[in-house]
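Structural description and commentary
Residue strings, one per chain:
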Amino acid sequence: MTGKPWVLGVSASHNGGACLLHGDEIVVAVQEERLSGTKRDRIAGSRPSLAIDYCLRHAGITPRELDLVVLCAQGPAGSTENDITLNPQLQVVANGVRWTHISHHLGHALSAYAVSGFKEAVVLVVDGVGSPVEDLSAAERAAVVGPLDGWEIVSVYEMSGTSVAPVEKQLVPDGRWLLRDGIGMLDFGSIGGMYSAVAQQVFGHALDAGKVMGLAPFGRAKFAPEDFLSVDGPTVKFSRTVPRAFSHDDRWPQRREEYADLAASVQAALETAICGIVGRIRTRSRSRNLCYAGGVALNCVVNERLWRESGFEDVFVPPFAEDSGPAVGAAYHGLWELTRTHTAVRLRADGLGRPYSQEETDRAALSVPGVRVRARSAETTLDMAADRLSKGDVGGWFQGRSEFGPRALGHRSILADPRRAGIKERLNAEIKRREEFRPFAPSVIAENVGDWFHVLEEQTDSPFILRTWPFRDAAAERVPAVSHVDGSARVQTVHAAREPRFHGLIRRFETHTSIPMLLNTSFNGPGQPIVETPEDAVWTMLELGLDFLVLEDLLIEPDPELLRGPTPAFRSVLGLVPVMAATGYNLAVPLPDGRMVAAPDQRSTLSFRVPTPSGIRTQSVPLEAMQLLALVDGESTGGDLHRRLNETRRNPVDADSTARTLWGLRRTGVIGLRAEV
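Owing to the predicted nature of the structure, the values given are computational and were not obtained by experimental measurement. (Residues numbered from 1 in each chain as written. Predicted model: local features only at pLDDT ≥ 70, side-chain atom pairs only at ≥ 80, totals over all residues. Heavy atoms only, no water.)

1. So, the packing of aromatic side chains
The following threshold applies: Pairing of aromatic rings covers Phe, Tyr and the six-membered ring of Trp, with a centre-to-centre limit of 6.5 Å; geometry is then stacked below 30 degrees between planes, edge-to-face above 60, and tilted otherwise. Labels follow the DSSP assignment, with helices taken as runs of H or I lasting at least four residues and strands as runs of E lasting at least two, numbered in each case from the N terminus. Throughout, exposure labels follow a simple rule: accessible area from a 1.4 Å probe, protein chains only, divided by the maximum for the residue type, with under 20% read as buried, over 50% as exposed, and the rest as partly exposed.
Under the defined criterion, the tally for this structure stands at 16 aromatic pairs. When the ring of Phe188 is compared with that of Phe238, the centres are 6.0 Å apart and the planes differ by 90°; the resulting orientation is edge-to-face. Of the two residues, Phe188 is situated in strand β10 (residues 187-188) and Phe238 in strand β12 (residues 235-238); the sequence distance between them amounts to 50 residues. The exposure class assigned to Phe188 is buried, which follows from its relative accessible area of 8%.

Here is the structure:
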């Protein structure tokens, strides 16, 4: 190795990602879902990844030029699925590239500490479940509390420079963090599992923890924390009291009051558990700095209590606290293994994706039918966007490099006027199409934070929407669209030096309204990942029915003269012509144009081969979408396909359902869309 090493970190998990370091600089990092169009897409060590290709292409290097590849797997690293030597994309053996793997919790821990700016810290990791004991280092095994059998659920490390010392680690036997025992609420064996069990019971999906956090302030804690769990020294013990109280599979919006109370109860239990663990850590640690990561670290209410009550002088939670983050930790582990040096610099802004050129943004504006460009200069675009937001329009915002993590931080956002209560209803019901109780974040000029929120003077920085602050008296009434039911908000502070374009837009909005903040939510629809590319952004503007899009220096809007159909939610797709983009299929049945596709069988999905800028990927398509897909002939509009589909069905589908199917097929690359000739 000569010069600065190239190190690739890979998080093999749901919501997997890749991170490329050149020396101690993060050159690029991206989540797989942003590229595939499939929410929470998984990476496996043995299979090609769009995220890996994206990182290498941006850096302009080949796999052969990597000095080290580090895999961090959620699950057995030694399985065939995660065997990095089988990955044809990297060919580590043929290319003579060194590789290694680390445990899932170590990846989380390093992802927080490496970018915290601390020279030393104690690090806490709490999630659903991590790695099995077989994948732990000897030092990590020595730190296990209790039987040396199971999978990690809570871990504590002490770090100084490049030295990593495991302190305590708790395991759950056989990885049983969630257990199904007939119908009703899942049993749980981890703190993350506890919250996920409630998410599954209320909303039908174990990874919908964010919804539970949003619902909690609407209820009262009817169950005591000990009905969920108890912290006994270094061990967390779990109770079956709450799961036994829910012996049905009713989902939201059924049992609204009961489920709001359940959400409030599990939130209280989570706060009790984490504050108890951190309090114990504080009494035993010489460090005054705390890093905190893992999926549970996305809970803003708990985080705020740590900042205010933990006794640590400083707390750091990375924006990629969930399962994309271990890619960063894996990369830094590799760097330190090669160099034994650590540069203590805090991550202040999250924009780790690759930049897009003016040529790429111009091409997106020209290639997507049904849009027009209204402004092309940076200043004019900002002025127009601020004016339109102040008048009640909802706009997309695409600037610079994409965020690495689940929160939109002014790079891939949907923005609106926080003064308008009706905006919240429109966003939840029509644009995001999600539950009405879900809150939105205010992005606030950093120097104005104290005017609006009760914050500690020395703790006024919240760049990653990972903290919750109460509004000052009467302030919430001025911005009802971003005030939650309990008078709090998950806040992003915006600094001119870190986010000059976003800061400039908010300042312009303030000149119209006297309000130095904007409503900010992620640039995606229901069940979708946040947009990544300029083309993604333009298509998503049309799909969601946004009023305009700021695409770097361009201001783009739907062109009413070119769009067809009765309602903005889907007119742009039913008036367009779907064309097949997938290039290969797993079985042989002819489409109307003579090409062969997978035959319906007893499985719930079929697999297609989809070309992308980062290589060929496999995309699963639900069987119910195959009926529509089989009608695609490259000439008929979406509306034509909808009518023909209903001619063959006993139970007709509505136009909105057809539109959603077409949008999903486009987003995942199975079809393209073009204007009717």
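From this point, things continue past the structure.
2. Examining empty space enclosed by the protein
Counted only if it meets this: Residues are said to line a cavity or pocket when one of their atoms sits within 4 Å of a point; the points come from a 1 Å grid over protein atoms alone, cavities being sets where a 1.4 Å probe fits but cannot get out and pockets being open sets with protein on both sides within 12 Å along at least five of seven lines. Grid points are joined across faces, edges and corners, and a volume is the space filled by probe spheres set on the points. Residues are grouped as follows: Ala, Val, Leu, Ile, Met, Phe, Trp, Tyr, Cys and Pro are nonpolar; Asp, Glu, Lys and Arg are charged; all remaining types, including Gly, are polar.
Counted under the stated rule, the structure contains 3 cavities of 30 Å³ or more. Approximately 120 Å³ is the volume attributed to the largest cavity. Around the largest cavity sit 14 residues that line it, and Val154, Glu168, Gly233, Pro234 and Ile277 are the ones nearest its centre. Looking at the lining of the largest cavity residue by residue, the classes come out as 7 nonpolar, 4 polar and 3 charged.

3. Quick word on the pairing of strand β3 (residues 25-31)
Stated precisely, the cut-off is as follows: What makes two strands pair is DSSP finding at least two bridges between them.
Buried residues dominate β3, accounting for 6 of its 7 residues. Sheet topology places strand β2 (residues 17-22) next to β3; 6 bridges connect them, and they run antiparallel. Following the sheet pairing, Leu20 is matched in β3 by Val28. The turn joining β2 and β3, which pair antiparallel and follow one another in sequence, is formed by 2 residues; a positive phi near 65° is taken by Gly23.

4. Topic: helix α3 (residues 104-113)
Across the 10 residues that make up α3, a large majority, 10, are buried. Residues of α3 that are buried: His104, His105, Leu106, Gly107, His108, Ala109, Leu110, Ser111, Ala112 and Tyr113.

5. Side note on the nonpolar core
Using the following cut-off: Here, nonpolar core means buried Ala, Val, Leu, Ile, Met, Phe, Trp, Tyr and Cys residues that are tied together by side-chain atoms lying within 4.5 Å of each other. Residue contacts are counted whenever heavy atoms from the two residues lie within 4.5 Å of one another.
Counting 112 residues, the largest nonpolar core has Leu66, Phe453 and Val670 as the members making the most contacts within it. Apart from residues lying up to four places away in sequence, Phe453 is in contact with Pro442, Val444, Trp469, Pro470, Phe471, Arg472, Ala489 and Val491. Core analysis: the next-biggest nonpolar cluster, separate from the first, contains 98 residues, Phe118, Ala197, Tyr259 and Leu262 among them.

6. Looking at helix α11 (residues 358-367)
Convention followed: Regarding the arc, it is the one traced by the directions from the helix axis to the C-beta atoms.
Of the residues making up α11, those classed as buried are Glu360, Thr361, Ala364 and Ala365. Along the axis of α11, the buried residues cluster in a sector spanning 135°; they form a single face. Those residues of α11 that are exposed and aimed more than 90 degrees away from the buried face are Gln358, Glu359 and Leu366.

7. Focus on unusual backbone geometry
For the bond running from Trp252 to Pro253, omega is 15°, close enough to zero to count as cis. Structurally, Pro253 can be placed in the loop between α7 (241-244) and α8 (256-284). If you check the backbone angles, Asp174 has positive phi at about 60° while not being a glycine. Inspection of the secondary structure assignment puts Asp174 in the loop between β8 (163-172) and β9 (178-179). Here Arg433, not a glycine, exhibits a phi torsion of approximately 50°, which is positive. On the secondary structure map, Arg433 appears in the loop between α13 (421-431) and β18 (441-445). Judged by its relative accessible area of 28%, Arg433 falls in the partly exposed class.

8. A closer look at the sheet that holds strand β14 (residues 314-316)
Formally: Axis definition: a line fitted to C-alpha atoms, limited for helices to the stretch in contact. Angles are taken between N-to-C directions and run from 0 to 180 degrees.
The 5 strands are arranged β8-β7-β6-β13-β14 in an open sheet whose pairing can be described as mixed. In the strand order of this sheet, the two ends are held by β8 and β14, each with one partner. When the angles between neighbouring strand axes are averaged without regard to direction, this sheet yields 20°. Bridge count for strand β6 (residues 120-126) against strand β13 (residues 289-293) is 4 bridges, and the pairing is parallel. Bridge pairing links Val125 to Ala293 in β13. The strands touched by α3 are β6, β7 (151-160), β8, β13 and β14; relative to β7, the strand with the most contacts, the crossing angle is about 40°. Most of the contacts of α8 go to β6, to which it runs at about 155°, and overall it touches β6, β7, β8 and β13.

9. Details of the sheet that holds β2
In spatial order, the strands read β3-β2-β1-β4-β5; together these 5 strands make up an open sheet with mixed pairing. Each having just a single partner strand, β3 and β5 (98-102) make up the two edges of the open sheet. Taken over all neighbouring pairs, the strand axes of this sheet differ in orientation by 15° on average, direction set aside. Sheet topology note: the strand β1 (residues 6-12)/β2 ladder contains 6 bridges and is antiparallel. Pairing of Leu8 across the sheet is with Leu20, part of β2. Taken strand by strand, α3 contacts β4 (68-73) and β5, and its axis lies near 95° from that of β5. The strands touched by helix α10 (residues 326-339) are β1, β2, β3, β4 and β5; relative to β1, the strand with the most contacts, the crossing angle is about 145°.

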